[in-house]
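# Examination of the molecular architecture
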Amino acid sequence: MLKKFQKKFSASFIAILIVIACVVTSCSQEGGYEGPMPVVPTDPSKPVTFTDFFPKEGAVRTLVFIEGSNFGTDVSKIKVSIGGIPAPVIGSSGTKICVMAPRRCSRGDVVVTIMDENGKVAKEHQFENLFTLQESLVVNTLIGKVDPQTNTSSIIDGPFEEAEFQHPWWLEFDIDEEGNKIIYCIDEENLAALRKINLTTKEVSTVFMKGQAGVHQVKSMLFDTPTRDTLFFVDDNGRGNWNDRHQMPNMHYALRKEGFRKVYPYLYGQCSYSAVSMSDGTLFYNTWQSSQVYKARVIFDEASQMWDGKALFSVRANASDHIFMFRHPDDLYVYVTGFNGVYKCAYDKTTKELVSSALHVGDLNGRSGYVDAPGSSARFNRPRQGVFVKNPEYVAQGKTDVYDFYLCDHNNNAIRKVTPDGEVSTFAGRGSVGTDGKVWGWIDGEARETARFREPTGICYDEEEGIFYVADRENKRIRTISVE
Amino acid sequence: MKKYILSVLCIVVYVISISAQKKTVEVSGTIVDSEGVPLIGATVVIKEKPGLGVVSDMDGKYKIEVEPFQYLVFSYVGYETQEHLIKDEDMVLDITMHEAKTTILDEVTITGMGPQKKITTTGSITTVEVGTLKTPVSSITNALAGNVAGVMAMQRSGQPGDNVSEFWIRGISTFGGSSSALVLVDGFERSMDELNIEDIESFTVLKDASTTAIYGSRGANGVILVNTKRGSEGKLEINAKGEYTWTTRTRTPKFVDGLTYASMANEARTTRNQKAVYTDQELMMIDEQLDPDIYPNVNWMDLLLKDGAPTYRASVNMRGGGSKARYYLSGSFLDEGGMYHVDKAMKEYDTNANYQRYNYRLNLDMNVTASTLIQVGIGGALEKTNRSGAVNTDDIWYSIFGYNPITMPVMYSNGYVPIMQGEDAESWERKYNPWVAATQTGYTEVWQNTINSNVTLDQKLDFITEGLKFIGRFGYDTYNYNHIQRRKNPEMWRAERQRNSDGELVFNRIVPERLLSQGSSASGDRKEFLEAELIYGRNFGDHNVASVLKYTQDNYVNTSNIGGDIMQGIARRHQGLAGSVSYGYMNRYLFNFNFGYNGSENFAKGHQFGFFPAYSIAWNVAEESFVKDNIDWLSMFKIRYSDGKVGTDNTPTRFPYLATFGNYTRWTGAGEQEVYYNWGDLNSGFGYPGLTYTRVSSNNVTWEIARKHDLGFDLYLWGDKFGLTVDYFDEKREGIYMTRSYLPDMVGIQGENPAANVGSVKTKGFDGNFKLDQRAGDVGLQIRGNFTYSKNKITEADEMVSRYPYLRRTGFRIDQAKGLIALGLFEDYEDIRNSPRQDFADPRDVMPGDIKYKDINGDGIINNDDIVPIGSTTRPNLIYGLGLSATWKGFDFNMHFQGAGKSHFFIDGFTVYPFSQGEWGNILEDMANSNRWILGVNEDPNAEYPRLSYGWNSNNYRPSTYWLRDGSYLRLKTLEMGYTLPKVMTARLHMNNVRIHFIGQNLLTFSNFKLWDPEMGSSNGMKYPLGKTVTFGLTINM
């Protein structure tokens, strides 16, 4: 009985198991991600042919496509040079090769080398047509090593290839006694270090660290205009109250003869953001409180035994903001960036005083945005350092004001240009707009179409070479904008 | 588990066989049917000795050794059982079996008060033939829609372990607490999701007040009674079943390829005066895959989803016993496979969405004395769910829908893992690429363990008075849920959109690597039930009296993960006394009165107990002598009416009558929580820390009360060849629990607002079913159908007064879809100027090809005041089913269509609204190929999709008739074909019955809505699709 039952039971169970087993084995596991697409070198049994390449002209970094057949898809086995300069090979479909036009390839001859799987040259071809390199305004990266893993950097000196910046914030261009071109850079908003970029020797060094200088939160710096032997540092000393103004300097100075290494207190006042030094030596500074503009050291206060600045006006009545002043090279006026706009303060050369402020470009109510438009239709988002650049066209037209103003539009990730007539346009950045709508990043290339910045804040200009230098703060790099 | 069952069984069998070693006589003979044809496989057993038995062979012959003076029992399915006394000598006993005649008058219905003859029931009850509840997937709930009159169901997901249907009895009629039905398995409140379908003996739905009043405060949403199989007297019967199922998908959303996506993205931008995203050169690079790192072309759906996944199921059960003890023993195993591809390199663990379940059950009945029956039942389920480590189960679908084909490769060529989001994104909005989400984020395991046990004492008290019986029942259930998540993620990067000047990719690291880390949670609960019943039923001539008095108490407590929450540690208790009295005269006039007097400790004293009476009457017209004598084909015609009150106490808040105190906190502008109580005037900040009411007590809160009426009839003709049942029902639900959200500020409440029983809903509807059985020679045919229609209307709700009555909830369905009425698309700017101003976007941004809305209130402005009820609800308001089965010799065939109607839902989300979230969101192929509005190409004002826009378009992307879709569908839910091997063959294998079968589920779906399965009711389709399955199976009965 028992046996019989067991037999029955097991027979049926085995039958079920057999059904299941059949089915299990029939189920396959194909599909899913199976690694990168395999690449193949050229097929030696077939000829490699070349038909043509396009486009025939373009700026640096233009993608050039070479057509033909049997190129293989392994880009490591394909070498292309344009004008004798190796061109990076980006991809190959076997019938089309995509390469990037390198810098200085103006000779224009296009040579393609196809190698077989052992790395031996299978075919080399030079096209009859030449590639014509066009001139264009290009953004490049000058200095700034960043650890790609963590996207961090530090204050590290050395040659340009090695040097690192923490968050370059503010730039001042200078030429030293030996004729070296120098950029002084405030590293970190609030100054962690004053960095010295020697463009001639291609080296970065540190002038002083914050602790050595005894400063609090340096927001900007400027050269004494008449002499250029003094570098002023403007300090947000954290003293917002009038009565606390004597506690800490709001401006310091350092001297060229000391290599700007030693920092001395210069003025005492409320927390300040920027200053301008006019050609006649008059110094103005501004405070955060009520965006007040002061003329330095004119009033002696008996009670505190202090020389206070003379309060001139508020850039925007009853409003406080981080604002930054820039002197027109001809002392015509001073621009103030802040309140998401650019304000213009006329300079009275007789009284040696700045006379009130008026909105030049930007929103009347200080709202942020990004609009290229004239005057008060234009929108900015935290405009920061700017620089005046002479426009030869204006000179030719015989205008009185021949300078355009280029400024870092911090949160718009762009360099904007403001003309004397109040036209605002985007000069560089916000390129390569993709599906994500992202406009910031680290992309070199054509200034407007391709390049991107990430929260640029500092800018200076080498008039002789026509090169802009940009402190690209969140990219932790120094970028250049120039015509190539 | 199976080993265990087997050894227990062997011992049982062994003991029985030892006791059979005595002197015997031999009985042999032939068993034939009434036409003289031998019956193969008829069972012959010795009464009281169920282990000893034989079956007749291919010629209908049998031979058995029997002790003298025993009864031999002859049985065969479909025939009446016979018993014969064996004397003390060998004998030949030829048997002629007679076909069993079942009539509707013998049918028994399970009610809340126990089994009752169908002819005497007066309430509205649907009894389901369990054989029709077939589903190859794990849960029986998926078989309810279209099979059970009065039940509305919809399945929202096809994910293994999560693929259960939500169901409601006669639709929903509340918006306060829970609207789900009370499910009683073997008499106690238990889930039926994890029940082994093979274990179910009966399935009954109690729908009206008279059948549910005894459940008092918990019966208002209807009651489902499921009883499991029990042992039966007779030879040991073994059933084994194995099934293999291949699951594919009913409808999988399809997305466009890279080139189409790119050109549509360009179209979306250029036709709205924006710059194109992709240059012609880039389009070429996408097309020819010249830079697959920056211009990839990935079909994420194909990459991640397999064609299908297997499901295995095996079950074995045994039943048998004698007059003293009977048993039913079962075990089953189910393995549902997930549809995702897995990373073949990863061997340590599985990331696929798999579900496994083991079920076991032992039901034992023992006659301790002639009048005492003890029933013991233990059943349980062990469930194991596996899935990837991604945070939620739907995260993978969110990614598949979100990733367009060309922004991200699966992997960068240097092995870096891509992610489509910016560095500045918050960690909670991780937009993992689908491959990473499904395979590279670790894995999650969930175990669930359910044990149900019950003991019943059934004591006849005939010695007190005839017909009196006592039943005492005790149940004890535990449930454990363990969740262990082992999450990780690789380091993830996003390349800049351009290479650097050396032609290299520039990467930004978006997400740092996270090593496998573990998180776990557990929960559990315990339920205890106690019931005592006194049953009295007796016939006095033509008068029939039946009455029941029942005391119940139960408690439910969360046993783990309750921390320091005292309220959670206190068991939820119910106590109740219920009774029922029925009187019948010659089964002709029937009257029944029921009541429940129930209490719940969740409410304040004085509001804890409630009385729920109900009555029903029925008139059995067919039993009238003038019918009986003249119309003999009318087997049963019963008209029923019932009226009564039932309640539901399922409020979401624990102890709503208690106030809680604490430091009121609020969110500051800086996103921090601060302790704050405003001591000052309104909107003036005089906030200081201090104790305050965090919840004001709602003293008077109590249950919802439903007043239900039901009028119906049951009609049976020619025995039970034709049956028809139709019910009309109408319900008014009052006292629906709601939070008083519209208190004026001057009341001064800062914490949680109090609640009250304020809402009210009226529901009306029909349900019914019919069946027709016909035999013609060897062919048997059955046609059956059922439908449920219900419509509800809110008559009162806690809401703001509005100038426009159509803006209110009152007067419309619960969860009524509301939106603007679209008049098509604007033809031209002239059309825009001449139409009412559309205030959702800057009017200057509205262009031809954008949606034009109807100004309902005529104020010349289209705004939120023009939103009106449109369509119905996502939940279908009509469910129907139609089935046909046929048998011919060993073959059987069954098909079942199921449909749903009166369902509407809005579609939205980043795939439906193309490019609404920029790069996030793929484009549906259906949309790309549709008659959509294209500037200069197809400016049809009645196009299916408006002018494309890149980014959010606040004019077009809002609920309106334009985006309202009809959720009705009809599907071939089941197609079954089976073949039972001839007895000649099975008898040789010593088996009773062997059947092989094929079942197809959801093989065909017809609906106007094509994007994804309409049953899911999903507005964006981001769900694991429903399964379309084919099953092969083998059933063996011995």
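Residues numbered from 1 in each chain as written. Chains lettered and ligands numbered in written order. Predicted model: local features only at pLDDT ≥ 70, side-chain atom pairs only at ≥ 80, totals over all residues. Heavy atoms only, no water.

### Some details on the overall build of chain A
Basically, it comes down to this: Put simply, DSSP marks the helices as runs of H or I at least four residues long and the strands as runs of E at least two long, and each gets a number from the N terminus on. Computation of the radius of gyration draws on C-alpha atoms, with the globule rule given as 2.2 Å multiplied by the number of residues to the power 0.38. Exposure classes here rest on a 1.4 Å probe applied to the protein chains alone. A residue is buried below 20% of its type maximum, exposed above 50%, and partly exposed in between.
Looking only at helices and strands, one finds three helices and 36 strands in chain A. Here the C-alpha radius of gyration of chain A, 31 Å, is well above what a compact globule of 484 residues would show, namely 23 Å. Along the first, second and third principal axes, the C-alpha atoms of chain A reach 115 × 85 × 45 Å. For chain A, the residues scored as buried account for 55% of the 484 residues in total.

### Describing the sheet that holds strand S8 (residues 109–115) of chain A
Residue and element names in this part refer to chain A. Inclusion rule: Strands were regarded as paired on the criterion that DSSP finds at least two bridges between them. Here an axis means a line fitted to C-alpha atoms, over the contact stretch when the element is a helix, while the angle between two N-to-C directions is reported on a 0 to 180 degree scale.
Pairing within the open sheet is antiparallel, and its four strands lie in the order S5-S4-S8-S9. Each of the sheet's edge strands pairs with one partner strand only, and the pair in question is strand S5 (85–87) and strand S9 (121–130). Taken pair by pair, the neighbouring strands of this sheet meet at an average axis angle of 25°, ignoring direction. Two strands pair when backbone bridges link them, and strand S4 (residues 78–82) and S5 are joined in this way by three bridges, in the antiparallel orientation. Across the sheet, Val 80 pairs through a bridge with Ala 87, a residue of S5.

### Thoughts on empty space enclosed by the protein
Gaps between atoms show up when a probe of the same size as a water molecule is rolled over them. Residues and elements named next belong to chain B. Test applied: Using a 1 Å grid laid over the protein atoms alone, points where a 1.4 Å probe fits but cannot get out form a cavity; open sets with protein on both sides within 12 Å along at least 5 of 7 lines form a pocket; any residue with an atom within 4 Å of a point counts as lining. Grid points are joined across faces, edges and corners, and a volume is the space filled by probe spheres set on the points. For this scheme, ten residues count as nonpolar: Ala, Val, Leu, Ile, Met, Phe, Trp, Tyr, Cys and Pro. Four count as charged, namely Asp, Glu, Lys and Arg, and the remainder, Gly too, count as polar.
This structure, assessed with the given rule, holds 12 cavities of 30 Å³ or more. In this model, the largest cavity occupies a volume close to 200 Å³. As for the largest cavity, its lining consists of 18 residues, and the residues nearest its centre are Ile 294, Thr 407, Arg 494, Ala 495 and Arg 497. Here the lining of the largest cavity is composed, by residue class, of eight nonpolar, three polar and seven charged. Estimated volume of the second largest cavity: approximately 140 Å³. Forming the boundary of the second largest cavity are 17 residues, of which Val 137, Gly 158, Asn 163, Thr 247 and Gly 1027 lie nearest the centre. Elements with a contribution of two residues or more to the lining of the second largest cavity: strand S19 (309–321), strand S55 (993–1007) and strand S56 (1027–1037). Residues of the lining of the second largest cavity, tallied by class, amount to six nonpolar, 10 polar and one charged.

### Regarding the domain arrangement of chain A
Under the convention used in this document: Marked domain ranges trace back to an automatic or database domain assignment.
When the domains of chain A are assigned, the result is domain 1 (49–133) and domain 2 (137–483). A straight line from the C-alpha centre of domain 1 of chain A to that of domain 2 of chain A covers 44 Å.

### Here we look at the pairing of strand S13 (residues 168–175) of chain A
Residue and element names in this part refer to chain A. Counting buried residues in S13 gives seven out of eight residues, a clear majority hidden from the surface. Taken together, the seven bridges between S13 and strand S14 (residues 181–187) define a ladder with antiparallel strand orientation. The residue of S14 that forms the bridge with Leu 171 is Cys 185. Counted between consecutive antiparallel strands, the loop separating S13 from S14 contains five residues, among which Gly 179 sits at a positive phi close to 85°.

### Side note on the pairing of strand S16 (residues 203–209) of chain A
Summarising the sheet, strand S12 (residues 158–159) of chain A and S16 of chain A pair through two bridges and their orientation is antiparallel. Following the sheet pairing, Gly 158 of chain A is matched in S16 of chain A by Val 204 of chain A.

### Thoughts on the pattern of salt bridges
Quick note on the threshold: Definition used for salt bridges: Asp or Glu carboxyl oxygen within 4 Å of a side-chain nitrogen of Lys or Arg.
Applying the stated criterion to the full structure yields 82 salt bridges over all chains. The partner of Arg 452 of chain A in a salt bridge is Glu 496 of chain B, and the shortest N-O contact between them spans 3.6 Å. One end of the pair, Arg 452 of chain A, is in the loop between strand S33 (445–446) and strand S34 (456–462); the other, Glu 496 of chain B, is in the loop between strand S26 (492–495) and strand S27 (507–511), on a second chain. Here Arg 452 of chain A and Glu 496 of chain B have matching classes, each one buried. The partner of Arg 486 of chain B in a salt bridge is Glu 445 of chain B, and the shortest N-O contact between them spans 3.2 Å. Here Glu 445 of chain B lies in strand S24 (residues 442–460) and Arg 486 of chain B lies in strand S25 (residues 468–489), a separation of 41 residues in the sequence. When salt bridges with common partners are traced through the structure, they connect Arg 170, Lys 207, Lys 638, Arg 640, Asp 710, Asp 714, Asp 727 and Asp 767 of chain B into a single cluster.

### Description of the sheet that holds strand S15 (residues 188–189) of chain B
Residue and element names in this part refer to chain B. Spatially, five strands are ordered S11-S16-S17-S14-S15 in an open sheet, and the strand pairing comes out mixed. If you trace the sheet from one side to the other, it starts and ends with strand S11 (125–128) and S15, each paired once. Examined bridge by bridge, strand S16 (residues 200–206) and strand S17 (residues 223–228) share six bridges and lie antiparallel to one another. Bridge pairing in S17 links Ser 202 to Asn 227.

### Notes on the nonpolar core
All names here are of chain B. The line we're drawing: Nonpolar cores are built from buried Ala, Val, Leu, Ile, Met, Phe, Trp, Tyr and Cys residues. Side-chain atoms within 4.5 Å join them into one set. Contact criterion: two residues are considered in contact whenever any of their non-hydrogen atoms come within 4.5 Å of each other.
Trp 397, Phe 915 and Trp 963 are the most contacted members of the largest nonpolar core, which totals 89 residues. Dropping the residues within four chain positions of it, Phe 915 is found in contact with Tyr 261, Met 264, Ala 265, Ala 268, Phe 910, Ile 923, Leu 948, Ser 949, Tyr 950 and Gly 951. Counting residues in hydrophobic clusters, the runner-up holds 39 residues, among them Ile 200, Val 758, Val 761 and Tyr 969.

### Notes on helix H4 (residues 280–288) of chain B
Because each turn of an α-helix spans 3.6 residues, side chains separated by three or four positions in sequence point in the same direction. The set of residues buried in H4 of chain B consists of Glu 282, Leu 283, Met 284, Met 285 and Ile 286 of chain B. Residues of H4 of chain B that are buried make contact with strand S1 (49–54), strand S3 (63–69) and strand S7 (96–100) of chain A together with helix H3 (258–270) of chain B. Once H4 of chain B finishes, Gln 289 of chain B follows within two positions and takes phi at roughly 55°, a positive value.

### Points about the environment of Cys 98 of chain A
Its location among the elements puts Cys 98 of chain A in strand S7. Relative accessible area serves as the criterion here: at 0%, Cys 98 of chain A is assigned to the buried category. Separated by 122 residues in sequence, Cys 98 of chain A and Ser 220 of chain A have C-alpha atoms that sit 46 Å apart. Contacts of Cys 98 of chain A, omitting those with residues within four sequence positions, involve Leu 63, Val 64, Phe 65, Pro 88, Val 89, Ile 90 and Gly 91 of chain A together with Met 285 and Leu 290 of chain B.

### Remarks on the packing of H3 of chain B against H4 of chain B
All names here are of chain B. Where we set the bar: These descriptions rest on fixed angle ranges, namely under 35 degrees for roughly parallel, over 145 for roughly antiparallel, 65 to 115 for roughly perpendicular, and the rest for oblique. Take the far helix as your reference; a near helix turned counterclockwise from it by less than a right angle gives a left-handed crossing, and one turned clockwise gives a right-handed crossing.
At a minimum axis separation of 9 Å, H3 and H4 run at an interaxial angle of 160°. Considered as vectors, H3 and H4 are oriented roughly antiparallel to each other. At the point where H3 passes H4, the crossing takes the right-handed sense. Along its contact with H3, which presents Gly 258, Leu 259, Ala 262, Ser 263 and Asn 266, the element H4 presents Leu 283, Ile 286 and Asp 287. Among the residues forming the contact of H3 with H4, the class breakdown is four nonpolar, three polar and one charged.

### Observations regarding the side chain of Asn 363 of chain B
Residue and element names in this part refer to chain B. Rules: Any pair of nitrogen or oxygen atoms within 3.5 Å is treated as a polar contact; in protein, a donor-acceptor pairing is required on top of that, and neighbouring residues in sequence qualify only through side-chain atoms on both sides.
Inspection of the secondary structure puts Asn 363 in strand S21 (residues 354–369). You can call Asn 363 buried: its relative accessible area is 0%. Side-chain polar atoms of Asn 363 contact the side chain of Thr 228, separated by 2.9 Å. Separated by 2.7 Å, the side chain of Asn 363 and the backbone oxygen of Lys 229 make a polar contact. Once residues lying within four places of it in the same chain are set aside, the contact partners of Asn 363 are Thr 228, Lys 229, Arg 230, Arg 326, Tyr 327, Tyr 328, Val 376, Gly 377 and Ile 378.

### Considering the confidence of the model for chain A
For residues with low pLDDT, the predicted coordinates do not support detailed interpretation. Residue and element names in this part refer to chain A. Just so we agree on the cut-off: Every residue carries a pLDDT, the predictor's confidence in it, which falls somewhere between 0 and 100.
Taken over all residues, the pLDDT of chain A has a mean of 90, while the share at 70 or more is 94%. Contacts of residues 1–7 to residues separated by more than four positions or lying in other chains number 10 contacts, the stretch itself having pLDDT below 50. Overall, residues 24–28 carries pLDDT values under 50, and its contacts beyond four positions in sequence, including any with other chains, amount to two contacts.

### Brief notes about the environment of His 246 of chain A
Residues and elements named next belong to chain A. Within the secondary structure layout, His 246 lies in the loop between strand S18 (230–235) and strand S19 (249–255). Put simply, His 246 and Thr 200 are 46 residues apart on the chain and 42 Å apart in space, counted from C-alpha to C-alpha. Non-local contacts of His 246, meaning those with residues more than four positions away in its chain, are made with Tyr 268 and Met 306. One polar contact links the side chain of His 246 to the main-chain carbonyl oxygen of Asn 243, over a distance of 3.2 Å.

### Structural notes on a negative patch on the surface
Quick note on the threshold: Only residues whose relative accessible area exceeds 30% and that form no salt bridge enter a patch; like-charged residues are grouped when within 9 Å of one another, and nonpolar side chains (Val, Leu, Ile, Met, Phe, Trp, Tyr) when within 5 Å. Computed by Shrake-Rupley with a 1.4 Å probe, the accessible areas treat only the displayed protein chains as cover when residues are assessed. Counting rule for charge: Lys and Arg are taken as positive, Asp and Glu as negative, and neither His nor the chain ends is counted. Here the site of a charge means atom NZ of a Lys, CZ of an Arg, CG of an Asp or CD of a Glu.
Side chains of Asp 257, Asp 287, Glu 925, Asp 926 and Glu 944 of chain B sit close together on the surface and give a patch of like negative charge. Within the secondary structure layout, Asp 257 of chain B lies in the loop between strand S18 (234–249) and H3.

### A word on the side chain of Arg 361 of chain B
Within the secondary structure, Arg 361 of chain B sits in strand S21. Within the structure, Arg 361 of chain B has its side chain in polar contact with the side chain of Asp 199 of chain B (distance 3.3 Å).

### A look at the environment of Thr 1035 of chain B
Residues and elements named next belong to chain B. Within the fold, Thr 1035 resides in strand S56. Separated by 94 residues in the primary sequence, Thr 1035 and Pro 941 place their C-alpha atoms 59 Å from one another. Among all residues touching Thr 1035, those that are not within four sequence positions of it are Ala 240, Lys 241, Asn 993, Val 994, Arg 995 and His 997.

### Looking at the packing of aromatic side chains
Residue and element names in this part refer to chain A. Quick reminder of the rule: Any two rings among Phe, Tyr and Trp, with Trp reduced to its six-membered ring, count as a pair given centres within 6.5 Å; such a pair is stacked if its planes are under 30 degrees apart, edge-to-face if over 60, and tilted if neither.
Per the counting criterion, the structure on display carries 79 aromatic pairs over all chains. On the numbers, 4.7 Å between centres and 70° between planes, the contact of Tyr 406 with Phe 427 is edge-to-face. With Tyr 406 in strand S30 (residues 403–409) and Phe 427 in strand S32 (residues 424–429), the pair connects residues that are 21 residues apart, well separated along the chain. What makes Tyr 406 buried here is its relative accessible area of 8%. Here Phe 427 falls in the buried class, since its relative accessible area comes to 15%.

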